[in-house]
Amino acid sequence: MEYNFLEIEKHWQDYWSKNQTFKVETDNSKPKFYVLDMFPYPSGAGLHVGHPLGYIASDIYSRYKRLKGFNVLHPMGYDAFGLPAEQYAIQTGTHPAETTGKNIKRYREQLDRIGFSYDWSREVRTCEPSYYKWTQWAFLEMFGHWFNNNTNKAHKIEELTAIFSKEGNMNIQAANTETRVFTAQQWNSMSEKEQADVLMNYRIAYLGETSVNWCPALGTVLANDEVKEGLSVRGGHPVEQRKMKQWQLRVSAYAQRLLDDMEELEWSDSLKEMQKNWIGRSQGAEMIFKVSNGTREFDLEIFTTRADTVFGATFMVLAPESEWVEKLTTQEQKSSVDEYLASAKKKTERERMTETRNVTGVFSGSHAINPFTGKQIPVWISEYVLAGYGTGAIMAVPAHDSRDYVFAKHFNLPIIPLIEGCDISQESFDAKEGIMCNSGFLNGMTVNEAIPAAIDQVEKRGLGKRKVNFRLRDAIFSRQRYWGEPFPVCYKEGVPTPMDVKDLPLELPDVDKFLPTEEGEPPLARAKDWTYNGYPLEKSTMPGFAGSSAYYLRYMDPSNNKALVSKEANNYWRNVDLYIGGTEHATGHLIYSRFWNKFLYDLGYVCEKEPFKKLINQGMIQGRSNFVYRVKGTNQFVSYGLKDQYDTTEIHADVNLVHNDKLDMEAFKKWMPEYANAEFILEDGEYICGWAVEKMSKSMFNVVNPDTICDTYGADTLRMYEMFLGPLEQSKPWDTNGIDGVHRFLKRFWRLFYKDGVFSVSQEKATPAELKVLHKLIKKVQEDIENFSFNTSVSAFMIALNELYDSGCNKKEILEPMVILLSPFAPHMAEELWHKLGNITSVSQAKFPEYIHEYTIEDSFEYPVSFNGKLRYKLTLSNSMTSQEIEKIVREHENTQKYLSGAIVKKVIVVPKKIINIVC
RNA sequence: GCGGGCAUGGCGUAAUUGGUAGCCGCGCCAGACUUAGGAUCUGGUGCCGAGAGGCGUGGGGGUUCGAGUCCCUUUGCCCGCACCA
């Protein structure tokens, strides 16, 4: 019987689904293992061959872990809120829920064809009210908590009000955006609204004015990770900075913990590094400079990591958006400052970035006093200082900071070198090395000594204190969009008031159109009676990352309507053991999810500090485009090897018309009407196409649909080939050349079980040689799966098969364990053969075969003997010999053979099972 | 500019982690069978050379009996961050 993959795959997919083979329950008698894929956004284009790469890897691992006796949680769901469905809705009027539902159906069909072992009974969709109820619930919890910097965790807001009414806020160490200091009396005499305003600045989910990334084209604000190079990640529209009142999550409060807890995670170094940079911890000091605008004096606070360079601070710079600009602009300078601010405001974020090297700035008219030199220094305003970092003001040390240097040169400000012998004629000396000079009490110290010494002095003189700053900003949580979770918040006399948890979920209302209103309000403003207890509800919705931040918890207990996850389920499944997904989430989802989890951990809802123990980033699959070469002005197409003899135009040809870079000419003619009469100039009777690696996209005609591969080769071939393509973490182009090799392997494997078309396996005892092949394979496959080196384990199967094929082995003793080994990779074929072998339960319930060492021991080994690194001869020696015994034999051999014509063997180096090297 | 990674046959890759470089697959060459296929099977295939032999892991240098692997240096490519004081 031929290997009929279409029939086999359909049959076993139905069997798994009917028998719920992969359904799991908490089971305390078995160790748990949680394998998770980053769930997809179901886009209209469906899956291409690159998407399942990570899913196949995680499925192999899940199936392997089941064979190893683990109770494996391996769920799948959909990140279903998002921009594309909404934009489609704006264009066509189709409700996003409808579009999303359709897309999910298509995704499911495609996923099912690949034979994944998901427990679909646990599927979640972030756009379902029963799911987003818990997103809203988490938001309310964040609203009801504040972050105590002393305990380094979240506490109930009621604890805070109790403290306020006893002692005001002077002793509180909290992560907050409150600038006022008040006593208990002051607090107690505040109106309810004033108190609410103050508390808002302490909440973990809070409404606050901030500079946001506003995208006019999308009509919404975006988080920092949703903006790249001044353009929106979705759609690539320009983004500008605007001051707006928005809901935010106080992620920055958790910055230190996010950094510290990364230590124990098994994530790649590069990903950890990315998160570290994003969190951006820097240690330094806050320092106060006295400033005067001629009529009034102020204390201007700055942040610096180089307190040691304070003697060289020859001017100060404010960010244009800084609140100090107004206070410190003098009458004479007002018009030029206003002009500068106006021009700075007009620029988009992108323009500001591309003009990086253009030095701009304006003098405020005010002066500061350098607290260490006592000298008067001017205060400038410039775009190169960011409002959002530190205090939005800096002391400029042009000799030792390249940005300050460029600015000083441009505006002719003084530059004072502070390090002995440094050359600052062309550029600043930024390195933290050398001996200090021109620096009063710091003179003679090294930079590394001077930094703490300077800060000590700052603290002693009461000029400031040590301070750690983070680059990580609070996450902006509002989106002026329709297709997202509504905020469970209403406005009572303008005071944001949470809904009662009992009334969740707050369902997304119907609207007549998905566009903003004429007044520029978000789409939810169109909803009829969008109120709660008669009060108007919030009209923004939550961003994409809201629903994806805790989905891994929901899978543990997906239909619980009393809690996000029950204590029992959480205590059993704990956290994700293996998480597979792309790097694109390094600074978005993977930070937010960790934050969300830590918050729930503080509240006691989850038992693990970190959500994802081990993380693997699968590489991107790029497209491999094919080209044909049309001779200019003709209808002739010339083969790749001959194209240089003609003047040609390179044209994309659909990769589905090409096999092993050979064009199917008839199919090409039918592809598009303009090619119907194409003529071909061939080499050796074939038309060879050129190729290039490009992004996989429709416009390049290089999209390969997994369904097509399943139709022609089967899901098992697709799975194995995707793994065979190269290391999982490496990006690589999808290249169908070579898929035949994997397919051939499966057909050959199949034929091991069939003699003259009849299923027949022998009950004979296996020979030691055959057992050796099997046990070598067991060892290799086990090691490779555990190291996620799936490409080499596919090779190992091929090697084992080649060896068995040579001896014509069809013994059950060998083949049955091999079927189990193969089952994670090619589950359909394995299941079919497993049942043919007489088993009645699924191969996924089998036990992974034990590796027996004795079958791999070589009794003898051919040792190469090298003389000073050069191969000289080989000796066949026993493997059980000790190094000393081997050395003795080599010495005797050398003596009898007189290889060295009298030279004395000084040293014999024996590397076990490898090589022997002699030195004379 | 800062940080991380990569570089091996015509191609994708492998190398027991410092031990005979090129496993496995594609492609290619030769052959067998044939119901003529994009099937199956056998053998060959790093480069130069008729051969003996020589050369070979981006380039240069070093450590070592021994380096694709470690160190220094240089070139090229990929990814992330980018006025973060």
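All of the points below concern the structure found in this document. None of these values were measured; they are calculated from a predicted model.

## Points about the protein's contact with RNA strand B
- The immediate surroundings of RNA strand B are formed by 51 residues, with T305, R403, Q730, R744 and N917 found nearest.
- Backbone atoms, meaning sugar and phosphate, make up 58% of the atoms of RNA strand B lying within 4 Å of the protein.
- In this structure, T304 approaches RNA strand B through a side-chain N or O atom, which is 3.0 Å from a sugar or linking oxygen.
- At 2.3 Å, a side-chain N or O of R744 approaches a phosphate oxygen of RNA strand B.
- Listed by contribution, the elements that provide at least two residues to the surface near RNA strand B are helix 10 (269-279), strand 11 (297-304), helix 23 (739-751), helix 25 (790-807), strand 34 (860-867), strand 36 (907-911) and strand 37 (915-919).
- Among the elements that make up the surface near RNA strand B, the one with the highest residue count is helix 25 (six residues).
- Per-class residue counts for the surface near RNA strand B are 18 nonpolar, 18 polar and 15 charged.

## Focus: the sheet that holds strand 23 (residues 612-617)
- Taken together, four strands build an open sheet; the order of strands is 2-1-22-23 and the sheet is parallel. Lying at the two open borders of the sheet, with one neighbouring strand each, are strand 2 (71-73) and strand 23. Mean inter-strand twist for the sheet, computed between neighbouring axes without regard to direction, equals 20 degrees.
- Relative to strand 2, strand 1 (residues 32-37) runs parallel, the two sharing three bridges. Bridging across to strand 2, F33 finds its partner in V72.
- Contacts between helix 19 (residues 589-602) and the sheet are confined to strand 22 (576-581) and strand 23, with strand 23 contributing the most and set at about 175 degrees to the helix.

## Considerations on the sheet that holds strand 5 (residues 205-215)
- The strand order across the open sheet built from four strands is 6-5-9-17, with neighbouring strands paired in antiparallel fashion. Edge strands, defined here as strands with exactly one partner in the open sheet, are strand 6 (220-222) and strand 17 (475-476).
- For strand 5 and strand 9 (residues 240-249), the ladder comprises 10 bridges, and the chain directions are antiparallel. Note that in strand 9 the partner of S211 across the bridge is K243.

## What about the nonpolar core?
- W247, L249, F477, M720, F749 and F753 are the most contacted members of the largest nonpolar core, which has 184 residues in total.
- Counting 43 residues, the second largest nonpolar core, distinct from the first, contains M316, V447, A450 and V458.

## Things to note about the side chain of N560
- On the secondary structure map, N560 appears in the loop between helix 17 (551-554) and helix 18 (567-573).
- Engagement of the side chain of N560 in a polar contact is seen with the backbone nitrogen of K562, the distance being 2.7 Å.

## Observations concerning the packing of aromatic side chains
- Applying the stated criterion across every chain, the model contains 69 aromatic pairs.
- Note on Y3 and W750: the rings are 5.6 Å apart at their centroids and 40 degrees apart in plane angle, and the pair reads as tilted. One end of the pair, Y3, is in the segment before helix 1 (5-19); the other, W750, is in helix 23, and 747 residues separate them in sequence.
- Ring plane angle 50 degrees and centroid distance 6.0 Å describe the contact between Y629 and Y640, whose orientation is recorded as tilted.

Cut-offs applied
- Residues numbered from 1 in each chain as written.
- Chains lettered and ligands numbered in written order.
- Predicted model: local features only at pLDDT ≥ 70, side-chain atom pairs only at ≥ 80, totals over all residues.
- Heavy atoms only, no water.
- Near = heavy atom within 4 Å.
- Polar contact = N/O pair within 3.5 Å; in protein donor to acceptor, adjacent residues only side chain to side chain.
- Helix = DSSP H or I, 4+ residues; strand = E, 2+ residues; numbered from the N terminus.
- Nonpolar A, V, L, I, M, F, W, Y, C, P; charged D, E, K, R; others polar.
- Pairing = 2+ DSSP bridges.
- Axes fitted to C-alpha atoms, helices over the stretch in contact; angles between N-to-C directions.
- Contact = heavy atoms within 4.5 Å.
- Core = buried A, V, L, I, M, F, W, Y, C linked by side-chain atoms within 4.5 Å.
- Buried < 20%, exposed > 50% of the residue type's maximum accessible area, 1.4 Å probe, protein only.
- Phe/Tyr/Trp six-rings, centres within 6.5 Å; stacked < 30°, edge-to-face > 60°.

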